[in-house]
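Fold and geometry: a report
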Amino acid sequence: MRGIFCQTTATTNEEYKKELKSKNLWMVLLILSGAAIAAAAYLADAKGTLEIPSYMLGVYCGMGTGLAAAGVILLIKNLRLLGNEEKLKASRLENYDERNKEIKGKAVMAAVKVMLISCLVAALIAGIYYPYLIKVLLFILYVFLFSYLIAYSYYKRKM
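The sections below set out a description of the structure shown in this document. These figures come from a predicted structure and were not determined experimentally. Numbers given for residues are sequential positions, taken from 1 along each chain in its written order. Only residues with pLDDT of 70 or above have their local features reported here, since the model is predicted, and side-chain atom pairs are shown and tallied only from 80 upward, although totals for entire chains, interfaces and linings are computed over all residues. Values reported for side chains reflect all heavy atoms of the structure, with hydrogen atoms and water molecules removed beforehand.

Counted as salt bridges are all cases of a side-chain nitrogen of Lys or Arg within 4 Å of a carboxyl oxygen of Asp or Glu. The tally for this structure, following the rule as stated, stands at 2 salt bridges. Put simply, Glu 14 and Lys 17 hold a salt bridge, and the shortest N to O gap is 4.0 Å. Residue Glu 14 and its partner Lys 17 are both found in helix 1 (residues 13-47); the two are separated by 3 residues, about one turn of the helix. When accessible area is computed with a 1.4 Å probe and restricted to protein chains, residues below 20% of their type maximum are described as buried, those above 50% as exposed, and intermediate ones as partly exposed. The class for Glu 14 is exposed, based on a relative accessible area of 51%. You can call Lys 17 buried: its relative accessible area is 18%. Think of it this way: any DSSP run of H or I at least four residues long counts as a helix, any run of E at least two long counts as a strand, and we number them from the N terminus.

Attention now moves to the nonpolar core. Throughout this description, the term nonpolar core refers to a set of buried Ala, Val, Leu, Ile, Met, Phe, Trp, Tyr and Cys residues connected via side-chain atoms within 4.5 Å. Counting 6 residues, the largest nonpolar core is built from Ala 10, Tyr 16, Leu 20, Leu 81, Leu 82 and Leu 88. When residues of this core are traced back to their parent elements, those giving at least two are helix 1 and helix 2 (54-82). Contact partners of Leu 81, with chain neighbours within four places excluded, come to Leu 20, Lys 87, Leu 88 and Ser 91. Contacts were defined at the residue level, with two residues in contact if any of their heavy atoms lie within 4.5 Å.

Glancing now at the packing of helix 1 against helix 3 (residues 85-96). Structural elements are reduced to axes, namely lines fitted to C-alpha atoms, with helices fitted over the stretch in contact, and the angle between N-to-C directions of any two is expressed from 0 to 180 degrees. Where helix 1 contacts helix 3, the two axes come as close as 10 Å, and the packing angle between them is 85°. Classified by the angle between their axes, helix 1 and helix 3 sit roughly perpendicular to one another. Facing Asn 13, Tyr 16, Lys 17 and Leu 20 of helix 1, the residues of helix 3 in contact are Glu 85, Leu 88, Lys 89, Ser 91, Arg 92 and Asn 95. For this classification, Asp, Glu, Lys and Arg are treated as charged, while Ala, Val, Leu, Ile, Met, Phe, Trp, Tyr, Cys and Pro are nonpolar and the rest, including Gly, are polar. Residues that form the contact of helix 1 with helix 3 fall into these classes: 3 nonpolar, 3 polar and 4 charged. Should an angle lie under 35 degrees it is considered roughly parallel, over 145 roughly antiparallel, and from 65 to 115 roughly perpendicular; all remaining angles are considered oblique.

It is worth spelling out the packing of helix 4 (residues 98-129) against helix 5 (residues 131-158) at this point. Two elements in contact, helix 4 and helix 5, have axes separated by 7 Å at closest approach and are oriented at 160°. Judged by the angle between their axes, helix 4 and helix 5 are roughly antiparallel. Judged by the twist between their axes, the crossing of helix 4 over helix 5 is left-handed. In this structure, helix 4 contributes Val 112, Leu 116, Cys 119, Leu 120, Ala 122, Ala 123, Leu 124, Ala 126, Gly 127 and Tyr 129 to the contact, and helix 5 contributes Pro 131, Leu 133, Ile 134, Leu 137, Leu 138, Leu 141 and Phe 144. Here the contact of helix 4 with helix 5 is composed, by residue class, of 16 nonpolar, 1 polar and no charged. A crossing counts as left-handed when the near helix is turned anticlockwise from the far one by less than a right angle, and as right-handed when that turn is clockwise.

Among the structural elements, Arg 92 can be located in helix 3. Here Arg 92 is buried and forms no salt bridge, its nearest opposite-charge partner Glu 15 lying at an N-O distance of 7.4 Å. His is not counted here, nor are the chain ends, while Lys and Arg score as positive and Asp and Glu score as negative.

Now the structure itself:
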C-alpha cells in the first residue's frame, strides 16, 4: 500500500528523481518543524514560565517527535530510491498506476465523509458541555468546505 501523498505524474525516472528531490526538501522541513515543536514544549516545561498542563506537554513532545521521526524515515526511503534505479522505476510505476490512483481517490473521499460526519457529531455533542468547542469544530468544517470549493473551481479551470 502506498501513502496518501505518494502519487506522481512523472513518466520517466528523471522526472521522478526531480519529484523525490523536491519531496526531500519537504521532509527536511518536516524534520525541522517536528524538532522545533518538541524543543518548544521541552523549553516551556524547563523554564516553567508558561502554565501548560503536563498532558499537553506530552502531546506537543509526541507530535514533534513523531513528525521528526516520520520525516527521517521518509527522507531515508527517498534517498534509498534515488540510489537504486530498479527500485526507483518500480516505485514510479506503482505510484503512477491508474488503478492505484482510483483506489486512493475513493479512499480519500470515504475518509473525508467520515471525518466531516465525525466532526459534525462531535461539535453537536461537545457543544452541550463546552459551548466554545462547537464554534471551533464548525469553523474547521467551514474551512474545509470553503477550501474544497476554491480547490474545485481552481482545478476545474486548470484541467
